[in-house]
Amino acid sequence: MRAITGVWRWRHNPLRRRTDRLEAWVALAAALLIAGGATTAGCLAGQAADEALLGTVRIQHEQRHLVWATVDRLVSRAPLDPDPETSSQRDAHRRVIARWTAWDRSRHLGPISTPRPVDPGDRFRIWTDEHGRVVPRPMDAGTAGTHAVLAGLGSAAAVGGLVESGRRLIVWRLMVRRFRRWDQEWERAGQDWGRAGAGG
């Protein structure tokens, strides 16, 4: 709105300079580019990210399987930590040797982290790939959507920032040109500026 007001205000003003008009038009063009270009770029980036992430979600759900693991024994605890709140001490309580059968029916035994404190013989579920390797849980559609929205917002902000940086650079160049012209005008006015009868 300031850009539109600026263009309209300077349109018929007798004191307007060429740089004033250019500055107002640059501000208007930047506002339109930010409103249209940044929004479009954000939507396109968000859609592209959403499609790619949903493809990843589909692949991960096809390749990762939820299986039961049975605690064989607890991993020997780490040496006593003076600070019981450190992550190494917390993790030591949840590391176990467990047995599980993979999706391909192969049997596995190995150290894994448990989602809660457990005892030997307890069962809990873990995510594995087709060969029984323990993997993180697959991404869900909600998380993918959130990441896509963030990608769209980030792209829109980046385009908006780029347009605003360009506007500021152009305005700075216009200001430099304006000051240069003022200096030339002052030099033309000479040393007699303001004296009575000078230049009469």
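Criteria and cut-off values
- Residues numbered from 1 in each chain as written.
- Predicted model: local features only at pLDDT ≥ 70, side-chain atom pairs only at ≥ 80, totals over all residues.
- Heavy atoms only, no water.
- Core = buried A, V, L, I, M, F, W, Y, C linked by side-chain atoms within 4.5 Å.
- Buried < 20%, exposed > 50% of the residue type's maximum accessible area, 1.4 Å probe, protein only.
- Helix = DSSP H or I, 4+ residues; strand = E, 2+ residues; numbered from the N terminus.
- Contact = heavy atoms within 4.5 Å.
- pLDDT = per-residue confidence, 0-100.
- Polar contact = N/O pair within 3.5 Å; in protein donor to acceptor, adjacent residues only side chain to side chain.
- Pairing = 2+ DSSP bridges.
- Axes fitted to C-alpha atoms, helices over the stretch in contact; angles between N-to-C directions.

I keep staring at the nonpolar core and nothing clicks. Help me out?
Among soluble globular proteins, nonpolar side chains are generally buried collectively. Of all hydrophobic cores here, the largest spans ten residues; its members are Val67, Ala69, Val71, Val96, Ala98, Trp100, Ile112, Val118, Phe124 and Ile126. Residue assignment for this core shows that the elements contributing at least two residues are strand 1 (65–74), strand 2 (95–101) and strand 4 (123–128). If we skip the residues at most four places from it in the chain, Val71 touches Val96, Ile97, Ala98, Val118, Asp119, Pro120, Gly121, Asp122 and Phe124.

Which parts of the structure should I look at to understand the confidence of the model for the chain?
In low-pLDDT regions, the fine details of the predicted coordinates are not to be read closely. Per-residue confidence for the chain averages 82 on the pLDDT scale, and 76% of its residues sit at or above 70. Mean pLDDT across the elements of the chain ranges from a minimum in helix 3 (residues 87–92), with 49, to a maximum in strand 4, with 93.

What is the right way to look at the side chain of Thr114 in this model?
Take Thr114: it is sitting in the loop between strand 3 (107–113) and strand 4. Looking at Thr114, its side chain comes within polar contact range of the main-chain oxygen of Arg116, at 2.7 Å. Once residues lying within four places of it in the same chain are set aside, the contact partners of Thr114 are Arg94, Val96 and Phe124.

Explain the sheet that holds strand 1 to me, please; I cannot follow it from the model alone.
Strands pair in a sheet through their backbones, by hydrogen bonds, and they do so in one of two ways: parallel or antiparallel. Sheet architecture is open: four strands sit in the order 3-2-1-4, paired in antiparallel fashion. The sheet is open, and its two borders are formed by strand 3 and strand 4, each paired with just one other strand. On average, adjacent strands in this sheet sit at an angle of 45° to one another, irrespective of strand direction. Of the strand pairs in this sheet, strand 2 and strand 3 are connected by seven bridges, and their pairing is antiparallel. Along strand 3, the bridge assignment pairs Ile97 with Pro111.

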